[in-house]
Amino acid sequence: MGRAAGVLLGGLCSGIKRLPGVQAGAGLQYCLQVNRTPVRQCSFGNSTNDDDERALLDRIIRVDHAGEYGANRIYAGQMAVLGRSSAGPIIQHMWDQEKDHLKKFNELMVAHRVRPTVLLPFWNVAGFALGAATALLGKKGAMACTVAVEATISDHYNNQIRTLMERDPEKYRSLLETIKKFRDEEMAHHDTGLEQDAEQAPAYFILKNLIQVGCRTAVYLSERL
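Residues numbered from 1 in each chain as written. Predicted model: local features only at pLDDT ≥ 70, side-chain atom pairs only at ≥ 80, totals over all residues. Heavy atoms only, no water.

J.: Teacher, can you tell me more about the nonpolar core here?
T.: Counting residues in hydrophobic clusters, the biggest one holds 40 residues, and the most contacted among them are I91, V149, L164, L175, I179 and I211. Taken together, the elements giving at least two residues each to this core come down to helix 2 (47–82), helix 3 (88–111), helix 5 (139–167), helix 6 (173–195) and helix 7 (204–224). Among the elements that line this core, the one with the most residues is helix 5, at eleven residues. Sequence-distant contacts of L164, defined by excluding residues within four places in its chain, comprise L56, I60, P169, Y172, L175, L176 and I179. (Core = buried A, V, L, I, M, F, W, Y, C linked by side-chain atoms within 4.5 Å. Buried < 20%, exposed > 50% of the residue type's maximum accessible area, 1.4 Å probe, protein only. Helix = DSSP H or I, 4+ residues; strand = E, 2+ residues; numbered from the N terminus. Contact = heavy atoms within 4.5 Å.)

Here it is in structure tokens:
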């Protein structure tokens, strides 16, 4: 009789876990005894928490990859116009760092099996067009674009750093180190743009605000699509 009850209760326990109203991750465990003998343990794992952590990591890597990809295309567009000018070496230096950033996020996407945003082909064209269009305004126009883009990316990285620090800084130590390093380099690009007279570009504040609105929209969409 004890064995039969154990089998019945074990099956019931397994069935409970499959019910749509039962939430996993609650840490609830049942251990029922028949004739003082443990029969079956029914436990609820932390699948909900694991799913949340996975979604967070996917979102961060996907959007950062998209951002670095877009930045690469912007600098490519600027170099196509200003590559032979006095601004060429400055732009090339910043572009080389962006290439390193993109390479790292390409590696992280493979390592964590994260798919790229479906908007990548659009950012390919839009990024190059933005870089080339602002470069046609001259060096100051290109630097104004750099200031706007890098300020937005730096703020975005800072938000990610705060989120990961609140979650588990030790667990995400490697990713945090990467993001902090890239954030510092993006801020250096921002400062370079200001040093190269970005604020003297035609309609600087209008241009900067328009570009930043576009960047924030790109971040929002790339996180989700």
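J.: Help me understand the layout of surface pockets in this model?
T.: Picture a little ball the size of a water molecule; that probe, rolled over the atoms, points out where space is still empty. Within this model, the largest pocket holds a volume of roughly 490 Å³. Lining the largest pocket are 26 residues, with I74, W123, G214, C215 and A218 positioned closest to its centre. Looking at the lining of the largest pocket, the elements with two or more residues in it are helix 2, helix 4 (120–135), helix 5 and helix 7. A breakdown of the residues in the lining of the largest pocket according to their chemical character gives 16 nonpolar, eight polar and two charged. (1 Å grid on protein atoms, 1.4 Å probe; cavity = no way out; pocket = protein on both sides within 12 Å on 5 of 7 lines; lining within 4 Å. Points joined across faces, edges and corners; volume = space filled by probe spheres on them. Nonpolar A, V, L, I, M, F, W, Y, C, P; charged D, E, K, R; others polar.)

J.: Please clarify how the pattern of salt bridges should be interpreted in this entry.
T.: Should the charged atoms of two oppositely charged side chains come close, the side chains can pair. Enumeration according to the criterion identifies six salt bridges in this entry. Of the charged contacts in the structure, one is a salt bridge between K181 and E185, with a shortest N-O distance of 2.9 Å. Pair noted here: K181 and E185 are both in helix 6, with a separation of four residues, about one helical turn. A relative accessible area of 46% means that K181 is categorised as partly exposed. In this structure E185 comes out as buried when scored by relative accessible area, which is 16%. A salt bridge links D184 to R183; the nearest nitrogen and oxygen atoms lie 2.8 Å apart. (Salt bridge = Lys/Arg side-chain N within 4 Å of Asp/Glu carboxyl O.)

J.: How should the UniProt feature "binding site: Fe cation 2" (unreviewed entry) in the protein chain be read in this particular structure?
T.: According to UniProt, the "binding site: Fe cation 2" (unreviewed entry) feature falls on E98, E150, E186 and H189. On the basis of their most widely separated C-alpha atoms, the annotated residues across 92 residues gather in one place, lying no more than 10.9 Å apart. Of note, E186 is situated in helix 6. Non-local contacts of E186, meaning those with residues more than four positions away in its chain, are made with E68, E98, H101, E150, I153, S154 and Y157. (UniProt positions renumbered as here; feature names shortened; annotations may be inferred.)

J.: Help me understand the UniProt feature "binding site: Fe cation 1" (unreviewed entry) in the protein chain in this model?
T.: Those places that UniProt annotates as "binding site: Fe cation 1" (unreviewed entry) correspond, in this numbering, to E68, E98, H101 and E186. In summary, the annotated positions, though distributed over 119 residues, converge in three dimensions, the widest C-alpha pair being only 10.3 Å. Checked against the lining of the largest pocket, the annotated residues just named reduce to E68. The topology assignment puts E68 in helix 2. In this structure, E68 is in contact with E98, H101, L102, F105, Y157, F182 and E186, ignoring residues within four places of it in sequence. Mapping H101 onto the fold places it in helix 3. Once residues lying within four places of it in the same chain are set aside, the contact partners of H101 are E68, F182, E185 and E186. For H101, the side chain forms a polar contact with the side chain of E68, separated by 3.3 Å. (Polar contact = N/O pair within 3.5 Å; in protein donor to acceptor, adjacent residues only side chain to side chain.)

J.: Please clarify how the packing of aromatic side chains should be interpreted in this entry.
T.: To describe a pair of aromatic rings, one takes the distance between the centres and the angle between the planes. Applying the stated criterion to the full structure yields three aromatic pairs. With centroids separated by 5.0 Å and ring planes inclined at 65°, the aromatic side chains of F122 and W123 adopt a geometry described as edge-to-face. In this structure, K99 packs its charged tip against the face of W95, placed 4.1 Å from the ring centre. (Phe/Tyr/Trp six-rings, centres within 6.5 Å; stacked < 30°, edge-to-face > 60°. Lys NZ or Arg CZ within 6 Å of the ring centre and 35° of its normal.)

J.: Just checking my understanding: could you explain the packing of helix 4 against helix 5 for this structure?
T.: To describe two helices that pack against each other, one gives the angle between their axes and the distance between the axes. At a minimum axis separation of 6 Å, helix 4 and helix 5 run at an interaxial angle of 140°. On the basis of the axis angle, helix 4 is oblique to helix 5. The segment helix 4 lies against helix 5, with L130, T134 and A135 engaging G141, A142 and C145. (Axes fitted to C-alpha atoms, helices over the stretch in contact; angles between N-to-C directions. Parallel < 35°, antiparallel > 145°, perpendicular 65-115°, else oblique.)

J.: Help me out: how do you make sense of the environment of Q97 in this one?
T.: Its place among the elements puts Q97 in helix 3. Taking the C-alpha atoms as reference points, Q97 and E185, separated by 88 residues in sequence, lie 7.8 Å from one another. With near-sequence residues (within four places) excluded, Q97 lies in contact with E185 and H189.

J.: So what exactly am I meant to see when it comes to the packing of helix 5 against helix 6 here?
T.: Packing of helix 5 against helix 6 brings their axes to within 8 Å, and their N-to-C directions diverge by 155°. Here helix 5 lies roughly antiparallel to helix 6, going by the angle between them. The way helix 5 lies across helix 6 gives a crossing that is left-handed. Tallied by class, the residues present in the contact of helix 5 with helix 6 amount to 14 nonpolar, seven polar and four charged. (Left-handed = near helix turned anticlockwise from the far one by under 90°.)

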